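In case you want the letters, here they are:
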Amino acid sequence: MTANTHEFKAEVNKILDLMIHSLYSNKEIFLRELISNASDAIDKARYESLTNAALAEADADWKIELIPNVEAGTLTIRDNGIGMTRDEAVEALGTIAHSGTKEFIKLLESREVENNPELIGQFGVGFYSSFMVADKVTVITRKAGADASHAVIWESTADGSYTLDDTEKAGKGTDVILTLKEDAKNFLEEWELRRVVKQYSDFIEYPVVMEVTRSVPDPEDEEKRIDETKEETLNSRKAIWLKSKDDISQEEYNEFYKHISHDFSDPAEVIHYRAEGSTEFSALLYLPGKRPHDIFYQDYKIGPALYVRRVQIMDHCEAMLPIYLRFVKGVVESADLPLNVSREILQENKTVNVIKKNLTKKVLDTLAKMKKDDGEAYAKFYAEFGRILKEGIHHDYERREAIADLLLMESTTTEAGQTTTLAEYVERMPADQEAIYYITGSDRAGAEASPYLEVFKEKGVEVLIMTDDIDDIIISGLGQYKEKEFKSAIKGDLDLGETNKEEQQKAYGDLLELMKEELKDLVAEVRISGRLKDSAVCLVSGEHDLDPQMAKMFAAMGQPLPKAQRVLEINPDHALIQGMKQLFAADKDSAQLKEYAGLLYDQALLLEGDKPRDAVKFAKALSSLMAAGVRVG
Ligand code: ADP
């Protein structure tokens, strides 16, 4: 057999290059990455051997061995896990199958990763971190179930290519052999390896072992000492989620969180409990402190790791948590599930559904408690995950009120940057206020400056300011809160009382008709406004139409929408409208009136952040009007 040389994919080269040349500190995390890969490989072998007796082989003494060889200058990380076939090795160790790679490269180029090396693991390029400490990396691997003669040897010096060859390997699994760089020889020392394992891999389920030589008194001759070599386990291997709360320090909780989430900061909250009763399980869940960079990606993995009798069945069980709690990380273990469950079966499984319900309630209760006990911490959490949490109002009808109680938003009475809740809003509502008013927009300043809030300002009515893209759908889904209807400041007819709208509607009736005729292809109606105080006009959507922000979002996604029936509202108190009324009385066929109707429509478009229909025409008309009005003194 000849060795085959293969080129790395371009992105691998780029990453290797950056790994080798840009990362100076914290090189030791390479060991965490390789041990974690070894542990994953054993998880898979262990799981397979439960259902496939042929794969079990004799070697089920699962372990990860560290083998430093001072003479050769190599460190070997050996596992007896699932191993790789030739094709798998080509795929796993020659390419990067990750949608986040581009971002990762950007990140590596920035300095951020140097200060936060844990980011490396987050992007699933862990294996390549070996090249931070090794000039040459050799991988000898044999797939569980394959003959000893069907092993593969992979080797690279990170020079743009790697070689692949057939070889023999006695046991199943993988050896990763690092030929250490001159400045990384410290990873041959027992105490250094102990320290790094303890720091990063203490909770790895399988023993991480190393042969340790000690000088001990010779039992045969007390005067003499002899060398004794023993295999020692370096990690404490605690299945932390099965332990009692009292036996776990905050630090251990945090370290375990970092291990499972690849997050580099501490979690915001730990939820650890054991459910007893008809369905028994242990859950250790975490609310992260920061939004993962990939949470909106298609391949973002949802759900806690699932263990059955200490065997990991899957690393992410999406059937265990609703989609709107996809930020929650953790581990669930239950003895009430069969070992050989598939994802499909899980979706239908009664026990899984009971657990899911229980976890959902626990997470929502925890959030409610956090909000009550530590508003500041909750606001921080909400800033990261509120946008995702509120999807629950849409997806989880049963719990929509519980979730509504968790919403935070700014309002016209809060300081900029400060938030309020629906409950607080309702509490502040005067007895005669019928609806909860809200405005959607991309930011607070824009919403506040818009003409839609004029009447609210004048009457001192509080309006909630909602700035998430999905808010309009969420509020429509909620419908009401504590028996109070929601009403959008930018949609539907508005009547805050005491306006003489009907009289005005009559007085202006003919002018309105004329404008309506002039704009008949553009709006469904022209009416007297209940919301304007300073501006002359504004455009309003129907009560049940999408708000303009949502409509734009759908359009951007290429989803055609039925044309909304928009309404042009006019302000009868505005000098311009009054002037038009007088002009109408004097000459109802005036060409100027018609031109003004069109200009007012364009102006309303501008006010909602849109463009006039024909910018050139609009500017010309405006200039000629200004020319007519311009005068000195
Ligand atoms: P990740 O572990 O995040 O997928 P890595 O770059 O660390 O990224 O590893 C890439 C892939 O290589 C793994 O997904 C796995 O398929 C394979 N691999 C790495 N180490 C081992 C190992 N010790 N045993 C079996 N497969 C491995």
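Notes on the structure in this doc start here.

1. Remarks on the overall build of the chain
For step 1, the next point in the chain: A tally of regular secondary structure across the chain gives 24 helices and 22 strands.
For step 2, the next point in the chain: A compact globule built from 633 residues should have a C-alpha radius of gyration of about 26 Å, whereas the chain, at 33 Å, is more than 25% larger.
For step 3, the next point in the chain: Referenced to the eigenvectors of the C-alpha coordinate spread, the extents of the chain come out at roughly 125 × 55 × 45 Å.
For step 4, the next point in the chain: For the chain, buried positions account for 50% of its 633 residues.
For step 5, the next point in the chain: Summarising the internal contacts of the chain: among those between residues at least 6 apart in sequence, 70% fall at separations of at least 24.
For step 6, the next point in the chain: Carbon and sulfur atoms form 48% of the exposed surface of the chain, whose accessible area is close to 31300 Å².
For step 7, the next point in the chain: The positive charge centre, built from 79 side chains, and the negative charge centre, built from 116, are 3 Å apart in the chain.

2. What to know about the pairing of strand S5 (residues 151–156)
For step 1, the next point in the chain: Of the strand pairs in this sheet, strand S4 (residues 134–142) and S5 are connected by five bridges, and their pairing is antiparallel. Looking across to S5, one finds that Val 139 is bridged to Trp 154.
For step 2, the next point in the chain: In terms of strand pairing, S5 meets strand S6 (residues 161–167) through six bridges, oriented antiparallel. Paired with Ile 153 across the bridge in S6 is Asp 165.
For step 3, the next point in the chain: Once S5 ends, the chain turns through four residues before running back antiparallel as S6, passing Ala 158 with a positive phi of about 60°.

3. A look at the pattern of salt bridges
For step 1, the next point in the chain: This model, assessed by the stated rule, comprises 37 salt bridges.
For step 2, the next point in the chain: Between Arg 195 and Glu 28 there is a salt bridge, with the nearest N and O atoms lying 2.9 Å from each other. Separated by 167 residues along the polypeptide, Arg 195 in helix H8 (residues 190–201) and Glu 28 in the loop between helix H1 (10–22) and helix H2 (29–51) bring together distant segments of the chain.
For step 3, the next point in the chain: Residues Asp 365 and Lys 361 are paired through a salt bridge, measuring 2.7 Å at the closest nitrogen-oxygen approach. With Asp 365 and Lys 361 both in helix H11 (residues 350–373) and four residues apart, this pair spans about one turn of that helix.
For step 4, the next point in the chain: One continuous salt-bridge network, built from bridges that share partners, spans Asp 493, Glu 525, Arg 527, Arg 531 and Glu 569.

4. A few points about the packing of aromatic side chains
For step 1, the next point in the chain: Enumeration over the complete set of coordinates arrives at 17 aromatic pairs.
For step 2, the next point in the chain: Plain terms: the ring middles of Phe 127 and Tyr 128 are 5.6 Å apart, the flat faces sit at 70° to each other, and that makes the pair edge-to-face. Each member of the pair, Phe 127 as well as Tyr 128, carries the same accessibility label: buried.
For step 3, the next point in the chain: Pairwise contacts between aromatic rings join Phe 8, Phe 127, Tyr 128, Trp 154 and Tyr 162 into one cluster.
For step 4, the next point in the chain: The ring of Tyr 273 has Lys 362 lying over it, and the distance from NZ or CZ to the ring centre is 4.4 Å.
For step 5, the next point in the chain: Between Lys 581 and the ring centre of Tyr 508, over which it is positioned, the NZ or CZ distance is 5.3 Å.

5. Digging into the pairing of strand S12 (residues 305–308)
For step 1, the next point in the chain: Covered by surrounding structure in S12 are Ala 305 and Tyr 307 together with Leu 306 and Val 308, the residues of both alternating faces.
For step 2, the next point in the chain: Inspection of the sheet shows S12 paired to strand S14 (residues 329–333) by three bridges, in the parallel sense. Note on S14: the bridge partner recorded for Leu 306 is Val 332.
For step 3, the next point in the chain: In this structure, S12 lies alongside strand S13 (residues 311–314), joined through three bridges in antiparallel fashion. Within S13, the position partnered with Val 308 by the bridge is Val 311.

6. A few points about the environment of Lys 484
For step 1, the next point in the chain: One can find Lys 484 in strand S19 (residues 484–488).
For step 2, the next point in the chain: Separated by 126 residues in the primary sequence, Lys 484 and Asp 610 place their C-alpha atoms 32 Å from one another.
For step 3, the next point in the chain: What Lys 484 contacts, discounting residues up to four positions off in sequence, is Met 429, Gln 433, Glu 434, Ile 436 and Gly 479.

7. A short note on the environment of Tyr 601
For step 1, the next point in the chain: Looking at the secondary structure, you find Tyr 601 in helix H23 (residues 591–607).
For step 2, the next point in the chain: Residue Tyr 601 is classed as buried on the basis of its relative accessible area, which comes to 9%.
For step 3, the next point in the chain: Sequence spacing of Tyr 601 and Ala 146 is 455 residues, and the spatial spacing of their C-alpha atoms is 75 Å.
For step 4, the next point in the chain: Setting aside residues no more than four positions away along its own chain, Tyr 601 makes contact with Leu 519, Leu 522, Val 523, Leu 539, Leu 568 and Arg 613.

8. Let's talk about the packing of H11 against helix H12 (residues 375–389)
For step 1, the next point in the chain: Close contact between H11 and H12 brings their axes to 8 Å; oriented N to C, the two are set at 140°. The angle between H11 and H12 places the two elements in the oblique class. The two elements H11 and H12 cross, and the hand of that crossing is left-handed. On H12, the residues touching Leu 364, Leu 367, Met 370, Lys 371 and Asp 373 of H11 are Gly 375, Ala 377, Tyr 378, Phe 381 and Leu 389.
For step 2, the next point in the chain: Here the contact of H11 with H12 is built from residues that sort into seven nonpolar, one polar and two charged.

Definitions and limits used
Residues numbered from 1 in each chain as written. Predicted model: local features only at pLDDT ≥ 70, side-chain atom pairs only at ≥ 80, totals over all residues. Heavy atoms only, no water. Helix = DSSP H or I, 4+ residues; strand = E, 2+ residues; numbered from the N terminus. Rg over C-alpha atoms; globule rule 2.2 N^0.38 Å. Buried < 20%, exposed > 50% of the residue type's maximum accessible area, 1.4 Å probe, protein only. Contact = heavy atoms within 4.5 Å. Areas by Shrake-Rupley, 256 points an atom, 1.4 Å probe, with all protein chains shown as cover. Lys, Arg positive; Asp, Glu negative; His and termini not counted. Charge placed at Lys NZ, Arg CZ, Asp CG, Glu CD. Pairing = 2+ DSSP bridges. Salt bridge = Lys/Arg side-chain N within 4 Å of Asp/Glu carboxyl O. Phe/Tyr/Trp six-rings, centres within 6.5 Å; stacked < 30°, edge-to-face > 60°. Lys NZ or Arg CZ within 6 Å of the ring centre and 35° of its normal. Axes fitted to C-alpha atoms, helices over the stretch in contact; angles between N-to-C directions. Parallel < 35°, antiparallel > 145°, perpendicular 65-115°, else oblique. Left-handed = near helix turned anticlockwise from the far one by under 90°. Nonpolar A, V, L, I, M, F, W, Y, C, P; charged D, E, K, R; others polar.

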